[in-house]
Structures are given as structure tokens and as C-alpha cells.
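Spelled out, the chains give:
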Amino acid sequence: MKNQDLYNYILGIADNSLILGQRLGELCGHGPNLETDIALTNIALDLFGQTRSYYQYAARIAGDGKTEDDVAMLRVERDYKNVLLVEQPNTHFGHVIARQYLFDVFHLLLMTELQNSKDETLAAVARKGIKEVSYHQRFSGDWLKRLGDGTEESRTKMQEAIDHFWPYTAELFDTTESDQKMIKSGIGVDVSLLKESYYKEVTETLEEATLDVPENPYFKKGGKQGIHTEHMGFLLTELQYMQRTYPNMSW
Amino acid sequence: MSEKEVKNMEEIFEARIARDEKIEPKDWMPEKYRKTHIRQISQHAHSEVVGMLPEGNWITRAPSLRRKAALLAKVQDEAGHGLYLYSATETLGISREELYDQLHSGKAKYSSIFNYPSITWADIGAIGWLVDGAAIINQVALCGTSFGPYARAMVRICKEESFHQRQGYEIMLTLCNGTPEQKEMAQDALNRWWWPSLMMFGPRDEDSPHTAQSMKWKLKRKTNDELRQQFVDQTVPQADILGITIPDPDMTYNPETGHYEFGEIDWDEFWQVVKGHGPCNKERMEARVGAWERGSWVREAAMSYAEKQEKKKIAKAS
């Protein structure tokens, strides 16, 4: 492939939205009330919308008549580039909110910078998505505060969720070789530079939510290299089920 | 109010219905009218919410990103319908908690069709085409119903449902124009969803206990059998276009009446599912009750947080 690095770079962004959207899709109809069901579905729809624009672009780069669905659904697990954070399961609503918030803050910072990409298509997707993503962060941030500063039970659950996901945050700021090439050429965003703003924002919200900022210095990584957690295979089994069982058909 | 006064009010009320005037929540209404409406509108709301489950079952497995997004949006619409139907019910003086209690305890019913399993992707097409198709026929008839909030909710819901139905039919069309395997999947879905869809219109007129009163109050404007016939007449030609066969050997067109005559519905199956012994009654209730119970700490936290915020505001002001 001629633009392998650009292709990899796009997947690095797109896969996060796809996998998180897939997790949120599991929840549809099972939320704590109709209002949160509707809001979480909205977020999933935004993520799938963005992801389709990225994969359509990636499919064009890949050539060979590839479609967005080929790129999204017909890779082996090792070729998915999403961070470990987004593939973690919906253990309870506190986990859903913690995972969402810890991703949303990053996502908004990324989209803000991506608007300035030299790649017109990526910049356009970012410009279109930024309003959506800032709504996501408002939604998850508000719920973080509600659950943190709600009842004793909810604070315990929310603190446990934040502690659980904290080790997955550092990976957001790693860059792969392809990322570095794209940063050099003015297409990619140097996510390592977003780290400070990220932890500042997260710390402020946690404090407002009366939650402790975890002090755990041990972080987990691997997703960007395609080394995922044990949850990922099951998620992909569902995602890919139809495409694998009935290859080469239109739906 | 004395008995004579009540009788007088009832007469005025009946006359308003006869003139096709809308009844609004603050208007006087007979207790039985209120109760019947709480029963029917909440039953409709519950159906929307339980109806999210068989389709939600396919969100993670939808065959393409386009279909996945469309299905998510559809299920989300159903949640929205549930919301405004619950709101319409609340105007009659009952809380959402009470309504949920009725659903979870099995006191309130929901449409039996959602007690059937969605086991292949074609079922998502068949549900849109047949189940939403049948629902629209029921609901268009309700747009002219006498209770204002219900009639207005119906107008809005019908618009979205007809979009869902077209989407479902389009899924079927894509399958029927696809590979033999896909077409077979479509036929199989039609075989399984056809009879339950006919049952959606309820028992035969002579076995329907509420029809007479509901017709009088214009809560219903056509009988179960009339609506069922309308559905059959509309759907048979659509199956012909798809090139799949309605699973009814007795189906014949009567050129004199202009109607399709169809075979006998299995009423034993109908009553079995209504009474709670269908393929998924238990699973649907477990899913609803489970979601509600798992969410209780979240709802409590939200209430507690709102109270704290309110206190802070008051403290700041004073």
C-alpha cells in the first residue's frame, strides 16, 4: 500500500470509535432509565458516524475495491489499533461512565488539534465531530459528578471504576511509528503533547466529583500495537459474525 | 358530586365525544374512561420499551456499519416513543414508577409479538416490515382517538414508524435480491413472523371484551378484524414483490370483495403467549426487571446529587 502510514494512522483513530461504539451498542435497552438509554445510544451513533467517515477514507487508500465494512470488520484481532481502555466491558453503569469520560476528554483534545491537520479529509471529520464529542464529554462528566457526589454507594462504585480504568489512560498518549511519521508531515496530532491538559482536566472533574485521583503509577498498554486484552476477541466475534459467516454478500 | 351531577357530566362528556372533540387531561372524564386509557396507553408504552429488546439483540451483530447505525437509531426511536407515551399516561394521574411496577409485576401487558425471538438478521427486516407495518395500521387508526395527548403522540409516532417499516422492507428486499442463502433467510423470517403479526390485532371481534366500549369512546375507530384484514390486503402484494411466499396455504384473493381470504389463526398459541408462556416472555421480563434493578443505585445517586445541588444553591442565595 502506498500510504501505509496514513492508513495505519486513520485506523488508530477510527478503531477507538468503532470499539467504544460497539460496547455502547450492547447497552441499548438495558440502561438505568430511558433517558440515559437514549443519550448513550446517541453517543454510539455519533461514534459510528465518525468511524464510517474514517473507514471510507481508509478503504479508498487501501484500494482493491475494499469497502468501509471490509476495513471495519474483516481484520484479525492483532490488526485492530484501538487503545485497551475502549474495549473494556460494561461491568456496571459506573464503569460505563468512567470509561466514557476518560476517553471523551482525550477525544475532545485530539479532535480540537486534528482540525488543523494538513489532511483535508481528517480535518473535515474533526470539524464535524467536535460538537458531538464536546457533548459526550459534558454528558459523561456530569454523570461522573452525579455518581461521585451522589450517595455513599454510588461514590464507592464510581471510585472503584475510576481506579479500575486509571491504568489504561497512559496509553492514550503513546505514538506508533506510523503516528510519528504522520506527525512529522503535519497530518497527525502529537498526542504526547496532550497529556498535561488531559490530566489537568480529569483531576479537576474528579475533585468536583469528590473522588480521589488514583496514585497508581503502573499503567497498561498494548492496544496500539494490536496486543489486546482477553475481552477483545469476544467483542470482535459479535462484530464480525455476519461478515465472517456470510462472506462477500451485500446487506 | 351527587349521582345526578355525575350523570349530567357524563352526558356532557358523551356529547363531546360524539362531536369529535378532543378530551384533555384537565377535563372532567368518567373514571372508567381514565382507567381504560391508563391501561391502553401504558400498554402501548410498555410495548415500545420491551420491543427494544428483540431488535437490540442484533445491534452488536448487524452485518454492516450502515445497518448497525440505522438499527441503533431505530431502537432509540422506540425509547423515545416509550418516553412520550409514558408522559401521556402520566397526565391521567399515575406516576412512571407505578407504571413500571405494573409492567414488572406482570399486572400490565405489552404486545405479545415481542415474546418471539429474533434469531437471524432477516428477523430485523421482518420485524420492520411486518410488525411495524401492523403497528402502523393500529396506530393510524388511533390518530383520531378522543384523548388529546394520546392522539397527538400517535401522529408523531406514526411518522417515525412508517420510516421504520420502509427500512425493514428494504432489508428484506436486499436479502431477496441477494444470494439464495440470503433469500432463504428472508423466507424463514417471514414463515416465523407472519402468524404472530396477524395476532397483533388481538382476538376476533366476537372474543374481544373491550371493543364495544372502546369504539363508543372512539378509543378504537376500527375493530380488530377490520384492521387485520387491512394488514393482509396490504402485505400480500408486498410479499409478491419480494418473491417470497406467505406461509398460509388457504390464502386466496376474492375478486368480488377485493380482499384476501386467509386461513385460521392458531388461537391456542395466541392465548398461550398472552398468558405468559410464549418463547421469550420470561426472558423479556428478566431483561426489563434486571435493567431496572441494576439501575436503582444510579437513579438514587442522581436524586441525591440533585438535592445537594439544590441545597447549595439555597445556601448561596441566603
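Here the residue index of a chain counts from 1 through its sequence in written order. Chain A is the first chain written and ligand 1 is the first ligand written, with later ones labelled in order. Note on the predicted model: pLDDT of at least 70 is required for a residue's local features to be given, and 80 or more for side-chain atom pairs to be given and counted; whole-chain, interface and lining totals, by contrast, use all residues. Heavy atoms from the whole structure form the basis of all side-chain values; hydrogens and water molecules are not counted.

Chemist: Tell me about the overall build of chain A, and please be specific about residues and values.
Modeler: The secondary structure listing takes helices from DSSP runs of H or I that are at least 4 residues long and strands from runs of E that are at least 2 residues long, numbered from the N terminus. A count of helical and extended segments in chain A gives ten helices and zero strands. The N-to-C order of helical and strand elements in chain A reads α-α-α-α-α-α-α-α-α-α. Between the two quantities, the radius of gyration covers C-alpha atoms and the globule rule is 2.2 Å times the number of residues to the power 0.38. Since a compact globule built from 251 residues should have a radius of gyration of about 18 Å, the 18 Å found for chain A is in line with a globular shape. Along the first, second and third principal axes, the C-alpha set of chain A runs to 55 × 40 × 30 Å. What makes two residues a contact is simply this: any of their non-hydrogen atoms within 4.5 Å. Counting contacts in chain A only where the partners sit at least 6 residues apart, residues at least 24 apart contribute 79% of the total. Per-residue accessibility takes into account occlusion by the displayed protein chains alone, with areas from the Shrake-Rupley method and a 1.4 Å probe. Carbon and sulfur atoms make up 49% of the accessible area of chain A, which totals about 10300 Å².

Chemist: How would you sum up the overall build of chain B? Please name residues and give values.
Modeler: Broken down by element type, chain B carries twelve helices and two strands. Listing the helices and strands of chain B from first to last along the sequence gives α-α-α-α-α-α-α-α-α-β-β-α-α-α. For chain B, whose C-alpha radius of gyration is 22 Å, the value lies close to the compact-globule estimate of 20 Å for 318 residues. Across its three principal axes, chain B shows a C-alpha extent of roughly 75 × 50 × 35 Å. Summarising the internal contacts of chain B: among those between residues at least 6 apart in sequence, 77% fall at separations of at least 24. As presented, chain B carries roughly 14600 Å² of accessible surface, and 55% of it is formed by carbon and sulfur atoms. Neither His nor the chain ends is counted toward charge; the positive residues are Lys and Arg and the negative residues Asp and Glu. A charged residue contributes its charge at one atom only: NZ of Lys, CZ of Arg, CG of Asp or CD of Glu. Between the averaged position of the 42 positive side-chain charges in chain B and that of its 47 negative side-chain charges there is a distance of 8 Å.

Chemist: Give me the lowdown on the domain arrangement of chain B, citing residues and values where you can.
Modeler: Residue and element names in this part refer to chain B. Split into domains, chain B comes out as domain 1 (3-265) and domain 2 (279-317). Bear in mind that the domain bounds are from an automatic or database domain assignment. For domain 1 versus domain 2, the separation of C-alpha centres amounts to 29 Å. Both sides of the domain 1 and domain 2 interface together cover about 1100 Å² of buried area, and 69% of this is carbon and sulfur. Together, Leu53, His104 and Asn115 form the three largest contributors to the area buried by domain 1 at its contact with domain 2, with a combined 49%. When a carboxyl oxygen of Asp or Glu lies within 4 Å of a side-chain nitrogen of Lys or Arg, that pair is called a salt bridge. Our count for the domain 1 to domain 2 interface comes out at zero salt bridges. Any N or O atom pair separated by 3.5 Å or less is treated as a polar contact, with the protein-specific requirement of one donor-capable and one acceptor-capable atom, and with residues adjacent in sequence counted only for side-chain atom pairs. At the surface where domain 1 touches domain 2, the tally comes to three residue pairs in polar contact (both at pLDDT 80 or more). For the side of domain 1 that touches domain 2, the secondary structure elements donating two or more residues are helix H2 (31-56) and helix H4 (96-104). Residues of the side of domain 1 that touches domain 2, tallied by class, amount to ten nonpolar, three polar and one charged. Note on definitions: buried area is the accessible-area loss of two parts on being combined, 1.4 Å probe, summed for both. Here the nonpolar group is Ala, Val, Leu, Ile, Met, Phe, Trp, Tyr, Cys and Pro; Asp, Glu, Lys and Arg are the charged ones; every other residue, Gly included, is treated as polar.

Chemist: Describe the interface of chain B and chain A, with residues and values.
Modeler: The interface of chain B with chain A comprises 50 residues on the first partner and 48 residues on the second. Contact between chain B and chain A buries roughly 4100 Å² in total, counting both sides, with carbon and sulfur atoms accounting for 68%. Taken together, the links from chain B to chain A amount to three salt bridges. Taken together, the links from chain B to chain A amount to 15 residue pairs in polar contact (both at pLDDT 80 or more). Of all the elements in the fold, those that place two or more residues in the side of chain B that touches chain A are H2, helix H3 (65-90), H4, helix H6 (148-176), helix H7 (180-199), helix H11 (281-294) and helix H12 (296-317) of chain B. With 14 residues, the top contributor of residues to the side of chain B that touches chain A is H3 of chain B. Partitioning the side of chain B that touches chain A into residue classes produces 27 nonpolar, eleven polar and twelve charged.

Chemist: For the side chain of serine 17 of chain A, give the residues involved together with the corresponding values.
Modeler: Within the secondary structure layout, serine 17 of chain A lies in helix H1 (residues 4-27). Among residues more than four places away in sequence, those in contact with serine 17 of chain A are Leu47, Gln50, Thr51 and His107 of chain A.

Chemist: Before we move on, could you go through a negative patch on the surface and cite the residues and values that matter?
Modeler: Residues with no salt bridge and a relative accessible area higher than 30% make up the patches, which join like charges within 9 Å and nonpolar side chains (Val, Leu, Ile, Met, Phe, Trp, Tyr) within 5 Å. Where like charges cluster on the molecular surface, the negative patch consists of Glu160, Asp163, Asp212 and Glu215 of chain A. Judged by relative accessible area, which is 76%, glutamate 215 of chain A ranks as exposed. Partly exposed describes any residue whose relative accessible area lies between the buried limit of under 20% and the exposed limit of over 50%, with all areas from a 1.4 Å probe on protein chains only and scaled to the type maximum.

Chemist: Can you tell me about H7 of chain B, naming the residues and giving the values?
Modeler: Working rule for helices: expected span equals 1.5 Å times residues minus one. Compared with an ideal rise of 1.5 Å per residue, which puts 20 residues at 28 Å, H7 of chain B spans 30 Å between its outermost C-alpha atoms and is within 8% of the ideal. One fitted axis covers the seven residues ending at a residue, a second covers the seven starting there, and the bend at that residue is the angle between these axes. Of all the bends in H7 of chain B, the greatest, near 35°, is centred on tryptophan 193 of chain B, and the proline proline 196 of chain B appears no more than four residues after it.

Chemist: Explain the environment of arginine 34 of chain B to me, and be specific about the residues and the numbers.
Modeler: Residues and elements named next belong to chain B. With respect to the element layout, arginine 34 can be found in helix H2. Through-space distance from the C-alpha of arginine 34 to that of isoleucine 265 is 32 Å; in sequence the pair is 231 residues apart. When near neighbours in sequence (up to four residues on either side) are disregarded, arginine 34 contacts Met29 and Leu92.

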